[in-house]
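# A structural walkthrough
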There are 4 protein chains.
Amino acid sequence: MNKAILLIQCPDQKGIVSEVSRFLYSYNGNILEVDQHVDEEMGLFFMRAAWELDSFLLKKEEIIAKFKDEVGQKFGMEFKLYFNFPKPRMAIFVSKLSHCLFDILGRHHAGQLEVDIPLVISNHSDLKSIVEAFGIPFFHIPVNSSNKASAESEQLKLLKEHQVDFVVLARYMQIILGDFIKNFPNRIINIHHSFLPAFVGARPYHAAYERGVKIIGATAHYVTEELDAGPIIEQEVARVRHHNTIPELVQIGQDVEKVTLSKAIKYHVDRKVMAFRNKTIIFY
Amino acid sequence: MNKAILLIQCPDQKGIVSEVSRFLYSYNGNILEVDQHVDEEMGLFFMRAAWELDSFLLKKEEIIAKFKDEVGQKFGMEFKLYFNFPKPRMAIFVSKLSHCLFDILGRHHAGQLEVDIPLVISNHSDLKSIVEAFGIPFFHIPVNSSNKASAESEQLKLLKEHQVDFVVLARYMQIILGDFIKNFPNRIINIHHSFLPAFVGARPYHAAYERGVKIIGATAHYVTEELDAGPIIEQEVARVRHHNTIPELVQIGQDVEKVTLSKAIKYHVDRKVMAFRNKTIIFY
Amino acid sequence: MNKAILLIQCPDQKGIVSEVSRFLYSYNGNILEVDQHVDEEMGLFFMRAAWELDSFLLKKEEIIAKFKDEVGQKFGMEFKLYFNFPKPRMAIFVSKLSHCLFDILGRHHAGQLEVDIPLVISNHSDLKSIVEAFGIPFFHIPVNSSNKASAESEQLKLLKEHQVDFVVLARYMQIILGDFIKNFPNRIINIHHSFLPAFVGARPYHAAYERGVKIIGATAHYVTEELDAGPIIEQEVARVRHHNTIPELVQIGQDVEKVTLSKAIKYHVDRKVMAFRNKTIIFY
Amino acid sequence: MNKAILLIQCPDQKGIVSEVSRFLYSYNGNILEVDQHVDEEMGLFFMRAAWELDSFLLKKEEIIAKFKDEVGQKFGMEFKLYFNFPKPRMAIFVSKLSHCLFDILGRHHAGQLEVDIPLVISNHSDLKSIVEAFGIPFFHIPVNSSNKASAESEQLKLLKEHQVDFVVLARYMQIILGDFIKNFPNRIINIHHSFLPAFVGARPYHAAYERGVKIIGATAHYVTEELDAGPIIEQEVARVRHHNTIPELVQIGQDVEKVTLSKAIKYHVDRKVMAFRNKTIIFY
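The structure presented is a predicted model; accordingly, all values stated were derived computationally and were not measured.

Helix and strand counts for chain A stand at eight helices and 13 strands. Expected size for 284 residues packed as a compact globule is a radius of gyration near 19 Å; at 21 Å, chain A falls within 12% of this value. Once the C-alpha set of chain A is aligned to its principal axes, its extents read approximately 60 × 40 × 35 Å. Within the span of chain A, comprising 284 residues, buried residues form 60% of the whole. Considering only contacts within chain A whose residues lie at least 6 apart along the sequence, 67% involve residues at least 24 apart. Put simply, chain A shows about 11,400 Å² of open surface, and 51% of that area lies on carbon and sulfur atoms. Computed over 33 positive and 34 negative side-chain charges, the separation of the two mean positions in chain A equals 1 Å.

Structure (structure tokens):
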């Protein structure tokens, strides 16, 4: 089903739901999903509305202007309009660990992820043949301490050529520079292998082992310039015990990582995520 | 905060959200929560809207008629209007097992449950002194195979006298008769100590032990005439292992039961539950 | 590390742990893991002991006779001895749904599963190219109502040729006949897409939807002649809500299925499972 | 059933299980539970053995000396011997929040906790009447910035008079001083209302809200001089969403706190906890 999705943010005030739904109804829109959230502390209103596009009386390219005119301006709204077609184009960055990558490819192959995957980029070549068996182009761009900036330029060029909408770091073991991030604000999803904010940085499973925690976790978040500090999209956990060694924590954790990352991707693709002030609103 | 809650059900059609929100806005209603659900198979629309009452221009007693007139009739709506004050009046039925009862009393004492508890009824007298220490009247009505109908009459009389809105069976070990149930349609909440529909009936922990399941559960549901078959409100589970004896399953399960029941009560009290065709819609 | 694993079952009596550990110690065995379980109802004792093989003074082929002589006979033990090398040989049966298969192949590729996978057998050819990209032979054996017995003969022949130790039904959508099962007692692992014993048989997600459950699950079990009634190895669950359609239940459930099946395989491969009277003891 | 429980710690070496079980068997001990753990990094061996006392040929007061003589010295063991009778004596400290206290009292009342509770101590008098309804003495010892040391002296005196074995801080909102802690090494259990090490210190729910986490938790740990940094006994978590306010986080968290604390108490009472180097081994 072809649908349009509107994400709205504005100062909280009366009549917003009424006006937005009146607008959609007036052009024969069949509302499929409406969700709203009020942040009372900040006095802000957030809304997501999805409706069927086929019977809608406005053309895709008319909607933004009309909505701004009839509703948006009146309430001081910031809003974004999305369609579920063409599908968003997702690039995957990966290093050597395959669990998150294979999980995504498996879901995509099974028709569970409504994205196109025009390319996979890796700083190693290990996973090339399997990625290609799934019919997806694989680019090997080595990265080391001296070529980082130029490697990122090359990556950005590829992303542009392939018209990539957002990037998934599927256990990509390189820190991304600020310049790169600026090209994809709230459009780079990383999976961190701890229950943030515990165990920021490298080797979180080692840190979890040292502290003797009874539960480990994983966190999918948008990448911002501060390491592991961006808006959290999803978190999951798993129970561990005193006898679990670090390699066992890694293995238990990998199951959590791949499920967490895939959920975050799905929320992002379905336009169910609004990021604001380093937090996310997830309309699931 | 004084609020009104409207639960609506009608054939699915365009314009419902728009009209309901327009209605509330036209009388200066500040919408706090809106949730909707479309059952596509049945072509039915369900909605819950909550709004602030203090600034609303209609009086409490005017709302139903106005809403019916301006919106309800047009869409063929069935709807119910609730207020969060006075608080709903909840009776608790209990036998000898105290875990669910104490959990509810503890929450109530801590101000977490927005209900009045005018009485506890039990077929045993064991728990009388502690119930009374919480300041709640306790009625002991013995039940046996020969006096069941008359005991239920006595219970019903008490419920009527105390203007009870709904009943919670907090591990009340007696089957309730159809005549009693008819007085409280979808207003008797039972906790069954299994993950329904597995292990219907008596001794579910024994049955779980026999089958060798790795997870046990509890189910809070509205009571209907068919045993353990009413609309499910909430379910929770806990992991068990081969070495857990039946008494251990009972103990692990009791933690699950009390949490499940308390969640179900909270959903019911917040008017977040709509029951339809033996299923529930929970707008949490 | 080369290790030996002993699984023991006998009538409960004093001195078993003492004698078994004395035996291992007397031949310089370094015990890595000892677990025991007493089924008090049946008066039975179960034990699993794992020890380092390299420094052990008995040769692999001497152990059974010596143990029987010095310990086993005295206590009336039934016991089995396993080594973690050569790796057990696992066949995968699959139909069209790929999520469990890909999950297993991904884990195997990442070195997480200590098995050899000599072949994948399917009644469809859809997944052939990806299986082969993982370097594993794929056999397409069509099955229909008229050729079932002969198809199973062909499968059995392949399993024998490839010296298969156990079989995993990774959403293989065919019922296995009793003759086939007899060849692999407690060595065929199936994943059923419900929280057994709820929703036995076909279309469990439809049944879960109809009943309005709030949690769905998956069950990995050994295959016995009675459908979906064999010893349960592992179960997992996931929360669902009223708005989840059947296709969404399927998708949520697939994540649960693949994790549950992979855990069960791991327990089986690590010889942590003892099946007895249609239940399992899992020494994890 | 009367039972003895031995907790052992020593350098890892061959023959320990064999010798310990031989010792117990030689005096006709029926082993009920044996668990062991090897910390390979530190080369340390930990063991817990429980056996029936009634048929054991040694008297309670003979066991320590005999075991030391026959087994302990040879392996350089540190060990502790416990009996499940008389029951351990547990003091509860509480302030105004009642959820953990009531949960413990409820379990105790239901016979689920094998402890005696000789007293509850609080810096407020609010919960006095209900504690007394459960038949337990309540002592009100006000604490403020100027009387802290003397209040703790008074508490210690009460604990001594009532022969208290261990202390549970059931949301006791005062920091305990080092002098007090030294009297109860690894015998004061605190419940911290976050998933440690995230959100150490005051107001963890506020911090969780600020960071926008998707899961909150609670941690039961032994109290050491460094705040919220002692050995973790148990952790549990619960899912939260963007719309949950801080009061809602508090309420969701309280359910997690009480379950986590009660589990930790049970492990401690059953002597299933060994603390070592700021971590715990839990033999459940």
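What follows covers the interface of chain A and chain D. The interface of chain A with chain D comprises 35 residues on the first partner and 35 residues on the second. In total, chain A and chain D occlude about 3,100 Å² of area from one another, counting both sides; carbon and sulfur atoms represent 50% of this. Of all residues in chain A, Arg211, Lys214 and His242 of chain A give up the largest surface area on contact with chain D, accounting jointly for 21% of the area buried on that side. Linking chain A with chain D are four salt bridges. With a closest N to O distance of 2.9 Å, Glu234 of chain D and Arg239 of chain A form a salt bridge. The tally of links between chain A and chain D comes to 24 residue pairs in polar contact (both at pLDDT 80 or more). Of all the secondary-structure elements, those providing two or more residues to the side of chain A that touches chain D are strand 2 (31-39), helix 7 (204-211), strand 11 (232-239) and strand 13 (279-282) of chain A. Ranked by residues supplied to the side of chain A that touches chain D, first place goes to strand 11 of chain A with seven residues. Here the residues of the side of chain A that touches chain D are counted per class, giving 16 nonpolar, eight polar and 11 charged.

What follows covers the pairing of strand 11 (residues 232-239) of chain C. Residue and element names in this part refer to chain C. Within strand 11, six of the eight residues are buried, which leaves the element mostly enclosed by the surrounding structure. Sheet analysis places strand 10 (residues 215-222) next to strand 11, joined by seven bridges and oriented antiparallel. In the sheet register, Ile216 faces strand 11, and the bridge partner there is Ala238.

Attention now moves to the pairing of strand 8 (residues 166-169) of chain D. All names here are of chain D. Of the two faces of strand 8, the one holding Phe166 and Val168 and the one holding Val167 and Leu169 are both buried throughout. Two strands pair when backbone bridges link them, and strand 5 (residues 89-94) and strand 8 are joined in this way by four bridges, in the parallel orientation. Paired with Phe93 across the bridge in strand 8 is Leu169. Across three bridges, the pairing between strand 8 and strand 9 (residues 188-192) is parallel. If you follow Val167 over to strand 9, its bridge partner there is Ile188.

This part takes up unusual backbone geometry. Residue Pro86 of chain A follows Phe85 of chain A across a cis peptide bond; omega there is -10 degrees. Within the secondary structure layout, Pro86 of chain A lies in the loop between strand 4 (78-83) and strand 5 (89-94). That bond from Leu196 of chain D to Pro197 of chain D is cis: its omega, 10 degrees, falls within 30 degrees of zero. The residue Pro197 of chain D is located in the loop between strand 9 and helix 7 (204-211) in this model. The residue Asn28 of chain A is not glycine, and still its phi comes out positive at about 70 degrees. On the basis of relative accessible area, Asn28 of chain A is assigned to the partly exposed category, the value being 28%. Not every positive phi belongs to a glycine, and Arg203 of chain B is a case in point at roughly 55 degrees. Structurally, the position occupied by Arg203 of chain B is in the loop between strand 9 (188-192) and helix 7 (204-211).

This part covers the side chain of Asp228 of chain B. With respect to the helices, strands and loops of the structure, Asp228 of chain B is situated in the loop between strand 10 (215-222) and strand 11 (232-239). One buried charged residue, Asp228 of chain B, forms no salt bridge at all, with the nearest opposite charge on Arg211 of chain C at 7.9 Å. Among the polar contacts made by the side chain of Asp228 of chain B, one reaches the side chain of His192 of chain B at a distance of 3.4 Å. The contact partners of Asp228 of chain B, leaving out residues within four places of it in the chain, are Asn190, His192, Leu196, Val200, Gly201 and His221 of chain B together with Arg211 of chain C.

Residues and elements named next belong to chain A. Domain annotation of chain A identifies domain 1 (3-83) and domain 2 (90-282). On a C-alpha basis, the centroid separation for the pair domain 1 and domain 2 is 31 Å. Contacts between the two partners involve 12 residues from domain 1, matched on the other side by eight residues from domain 2. For the domain 1 and domain 2 pair, buried surface summed over both sides reaches about 890 Å², with 74% attributable to carbon and sulfur atoms. Linking domain 1 with domain 2 are zero salt bridges. Inspection of the region where domain 1 meets domain 2 yields two residue pairs in polar contact (both at pLDDT 80 or more). Taken together, the residues of the side of domain 1 that touches domain 2 sort by class into eight nonpolar, two polar and two charged.

Let's shift gears to a nonpolar patch on the surface. Taken together, Ile175, Val200 and Leu227 of chain A make up a surface patch of nonpolar side chains, about 270 Å² in accessible area. As for its position among the elements, Val200 of chain A is in the loop between strand 9 (188-192) and helix 7.

The share of residues in chain A with pLDDT of 70 or more is 100%, and the mean pLDDT across the chain is 96. Reported confidences for the modelled complex are a pTM of 0.95 and an ipTM of 0.94.

The next thing to look at is the side chain of Arg211 of chain A. Tracing the backbone through its elements, the reader meets Arg211 of chain A in helix 7. No salt bridge is formed by the buried Arg211 of chain A. Its closest oppositely charged neighbour is Glu226 of chain D, at 7.8 Å. There is a polar contact of 3.4 Å between the side chain of Arg211 of chain A and the backbone oxygen of Ala229 of chain D. Those residues in contact with Arg211 of chain A, other than ones at most four positions away along the chain, are Phe199 of chain A together with Pro197, Asp228, Ala229, Gly230, Ile232, Asn278 and Lys279 of chain D.

The partner chain D presents 16 residues to the 16 residues of chain C that form the contact. One can count zero salt bridges joining chain C with chain D. In this structure, the connection of chain C to chain D is made through three residue pairs in polar contact (both at pLDDT 80 or more). At the level of secondary structure, the elements contributing two or more residues to the side of chain C that touches chain D comprise helix 1 (16-26) and strand 2 (31-39) of chain C. Grouping the constituent residues of the side of chain C that touches chain D by class yields five nonpolar, eight polar and three charged.

Turning chain A through 180 degrees and shifting it by 0.0 Å along the axis lays it on chain D, with an RMSD of 0.0 Å. As the rotation angle and translation indicate, the two copies are arranged about a two-fold axis. Identified as the residue of chain A closest to the rotation axis by C-alpha distance is Ala198 of chain A, at 2.4 Å. In this assembly, 100% of the residues forming the interface of chain A have copies in chain D that are likewise at the interface, indicating an isologous arrangement.

Let's shift gears to the relation of the copies chain C and chain D. Expressed as a screw transformation, the operator carrying chain C onto chain D has a rotation angle of 180 degrees and an axial translation of 0.0 Å, and the superposed copies differ by an RMSD of 0.0 Å. Mapped onto chain D, 100% of the interface residues of chain C again fall at the interface, so both copies present the same surface.

The next subject is the sheet that holds strand 3 (residues 44-52) of chain A. Residue and element names in this part refer to chain A. Reading across the sheet, the four strands line up as 2-3-1-4 and stay open at both edges, with antiparallel pairing between neighbours. Each end of this open sheet is capped by a strand with a single partner; those strands are strand 2 and strand 4. The average angle at which neighbouring strand axes cross in this sheet is 10 degrees, direction not considered. Looking at chain direction, strand 2 and strand 3 are connected through eight bridges and run antiparallel.

Right, let's get into the pattern of salt bridges. Taken as a whole and assessed by the stated rule, the structure comprises 68 salt bridges over all chains. Between Arg107 of chain B and Asp255 of chain D there is a salt bridge, with the nearest N and O atoms lying 2.9 Å from each other. Taken together, the positions of Arg107 of chain B in helix 3 (residues 99-109) and Asp255 of chain D in helix 8 (residues 246-269) put the pair across two chains. Put simply, Arg22 of chain D and Glu19 of chain D hold a salt bridge, and the shortest N to O gap is 3.4 Å. Pair noted here: Arg22 of chain D and Glu19 of chain D are both in helix 1 (residues 16-26), with a separation of three residues, about one helical turn. The partly exposed category is assigned to Arg22 of chain D, whose relative accessible area is 30%. One salt-bridge network, held together by shared partners, links Asp103 and Arg107 of chain A together with Asp255 and Lys258 of chain C.

In this section: the environment of Pro197 of chain B. Given the relative accessible area of 27%, Pro197 of chain B is considered partly exposed. Those residues in contact with Pro197 of chain B that sit more than four places away from it in its chain are Ala198, Phe199, Arg211 and Val213 of chain C.

About the criteria used
Residues numbered from 1 in each chain as written. Chains lettered and ligands numbered in written order. Predicted model: local features only at pLDDT ≥ 70, side-chain atom pairs only at ≥ 80, totals over all residues. Heavy atoms only, no water. Helix = DSSP H or I, 4+ residues; strand = E, 2+ residues; numbered from the N terminus. Rg over C-alpha atoms; globule rule 2.2 N^0.38 Å. Buried < 20%, exposed > 50% of the residue type's maximum accessible area, 1.4 Å probe, protein only. Contact = heavy atoms within 4.5 Å. Areas by Shrake-Rupley, 256 points an atom, 1.4 Å probe, with all protein chains shown as cover. Lys, Arg positive; Asp, Glu negative; His and termini not counted. Charge placed at Lys NZ, Arg CZ, Asp CG, Glu CD. Buried area = accessible area lost by both parts, 1.4 Å probe. Salt bridge = Lys/Arg side-chain N within 4 Å of Asp/Glu carboxyl O. Polar contact = N/O pair within 3.5 Å; in protein donor to acceptor, adjacent residues only side chain to side chain. Nonpolar A, V, L, I, M, F, W, Y, C, P; charged D, E, K, R; others polar. Pairing = 2+ DSSP bridges. Domains from an automatic or database assignment. Patch = residues over 30% accessible without salt bridge, like charges linked within 9 Å, V, L, I, M, F, W, Y side chains within 5 Å. pLDDT = per-residue confidence, 0-100. Least-squares fit on C-alpha atoms with pLDDT ≥ 70 in both. Axes fitted to C-alpha atoms, helices over the stretch in contact; angles between N-to-C directions.

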